[in-house]
Amino acid sequence: MDTSTTETRATETRAVVAEFVGTAMLVFFAVGSAVLAGDYINAVGISLAFGFTLLALAYAFGGISGCHVNPAVTLGVLLARRIDIRTAIEYWVAQLVGGIVGAAVLFLLAKQVPRLVTDDAFGSNGYGGRSPVGIGGGGAFLAEVLLTLLLVFVFLTVTREVVPAGVEPVPVGLAFAVVNLVGIPLTWASVNPARSLGPALFAGGGALSQLWLFLVAPMIGGVLAAGLHMLTHPGHPVAEGEREQVSGPRPHMPWGRRLGGRRPGAGGPEAGGPETKPPEAA
């Protein structure tokens, strides 16, 4: 096995691990804000916790995996032809398992809090009698589709081109906070099947019986977001060789970085650093 193949596989492994850890952290900290501190910070505080958590994770893992931490986002990126189906499947598995692990750790912590109720609750999503405003199943489905559409559309748009370092994840974090501000009173805001799966498994009861909606609706929202992005940002991917001739090496991941966190052009011969070849040319 040559060195380039070994390096590529190591990079792919790091990306999958980043999606697993990132999703686990999102569930533990963001859902944890609702489970452990919801009575103190209310819907606005919970929404900000979700947005800030995603923003922090984007800076931590964006240069490694793109920081999808959401199967609906990965589906949108796949349909936008930025990753292949194998990578998408690996991400989906890592995200779902990460969501379960994050919920498991949160459940262990929650059980140490006296009088904290987790049965049929535990930050899980719901409609009907499990919705703060009593929204029905049809309304909950529509809400989840539309809220996910916004989140995935913003993600696809701001990561379409290389943008100034340091600000790329901000619009996505803001969109995630807005989605939760609107969605928490309706369904407790899923927009992420991995975020819904873990808490529902430990909540049980109605959370499990209603889980299907929060697995299906966000994925439909991801599909619609990809379609809308193609309409508003038309153009097909340029062949790798042509893109490099026109505008330099193509960044492999969102947030304007290569796999491993290196920004295109940084540290190369023109910048006075050692020459670095892209993975496909290694």
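Conventions adopted
- Residues numbered from 1 in each chain as written.
- Predicted model: local features only at pLDDT ≥ 70, side-chain atom pairs only at ≥ 80, totals over all residues.
- Heavy atoms only, no water.
- Helix = DSSP H or I, 4+ residues; strand = E, 2+ residues; numbered from the N terminus.
- Buried < 20%, exposed > 50% of the residue type's maximum accessible area, 1.4 Å probe, protein only.
- Contact = heavy atoms within 4.5 Å.
- Areas by Shrake-Rupley, 256 points an atom, 1.4 Å probe, with all protein chains shown as cover.
- Core = buried A, V, L, I, M, F, W, Y, C linked by side-chain atoms within 4.5 Å.
- Phe/Tyr/Trp six-rings, centres within 6.5 Å; stacked < 30°, edge-to-face > 60°.
- 1 Å grid on protein atoms, 1.4 Å probe; cavity = no way out; pocket = protein on both sides within 12 Å on 5 of 7 lines; lining within 4 Å.
- Points joined across faces, edges and corners; volume = space filled by probe spheres on them.
- Nonpolar A, V, L, I, M, F, W, Y, C, P; charged D, E, K, R; others polar.

Points about the overall build of the chain
A tally of helices and strands in the chain yields nine helices and zero strands. Expressed as a percentage of its 282 residues, the buried residues of the chain come to 46%. Of the contacts formed within the chain by residues at least 6 apart in sequence, a portion of 75% connects residues at least 24 apart. Summed over all atoms, the accessible surface of the chain reaches about 13000 Å², with 67% contributed by carbon and sulfur.

A closer look at the nonpolar core
Formed by 51 residues in total, the largest nonpolar core has its most connected members in Phe-122, Leu-151, Val-172 and Phe-176. Of all the secondary-structure elements, those providing two or more residues to this core are α1 (3–65), α2 (71–79), α3 (85–110), α4 (137–158), α5 (170–187), α6 (193–203) and α8 (211–232). For this core, the leading source of residues is α1, giving 12 residues. Grouped together as the second largest cluster of nonpolar side chains are seven residues, Tyr-127, Ile-135, Ala-140 and Leu-213 included.

Comments concerning the packing of aromatic side chains
Counted by the stated rule, this structure contains seven aromatic pairs. Pairing Phe-107 with Phe-122 gives two aromatic rings, centres 5.5 Å apart and planes at 85°, and the pair type is edge-to-face. With Phe-107 in helix α3 and Phe-122 in the loop between α3 and α4, this residue pair connects regions lying 15 residues apart in the sequence. Here Phe-107 matches Phe-122 in class, with each residue buried. Within the aromatic cluster, the residues linked to one another by ring pairs are Phe-107, Phe-122 and Phe-202.

Here's the deal with empty space enclosed by the protein
In this structure the tally under the stated criterion is two cavities of 30 Å³ or more. What the largest cavity holds in volume is close to 100 Å³. If you go around the largest cavity, you meet 16 residues; those closest to its centre are Leu-54, His-68, Val-69, Val-73 and Val-172. Broken down by secondary-structure element, the contributors of at least two residues to the lining of the largest cavity are α1, α4 and α5. For the lining of the largest cavity, the residue count by class is 12 nonpolar, four polar and no charged. Volume-wise, the second largest cavity comes out at about 40 Å³. Taken together, Ala-34, Ile-46, Phe-50, Gly-123, Ile-184, Trp-188 and Arg-195 make up the full set of residues lining the second largest cavity.

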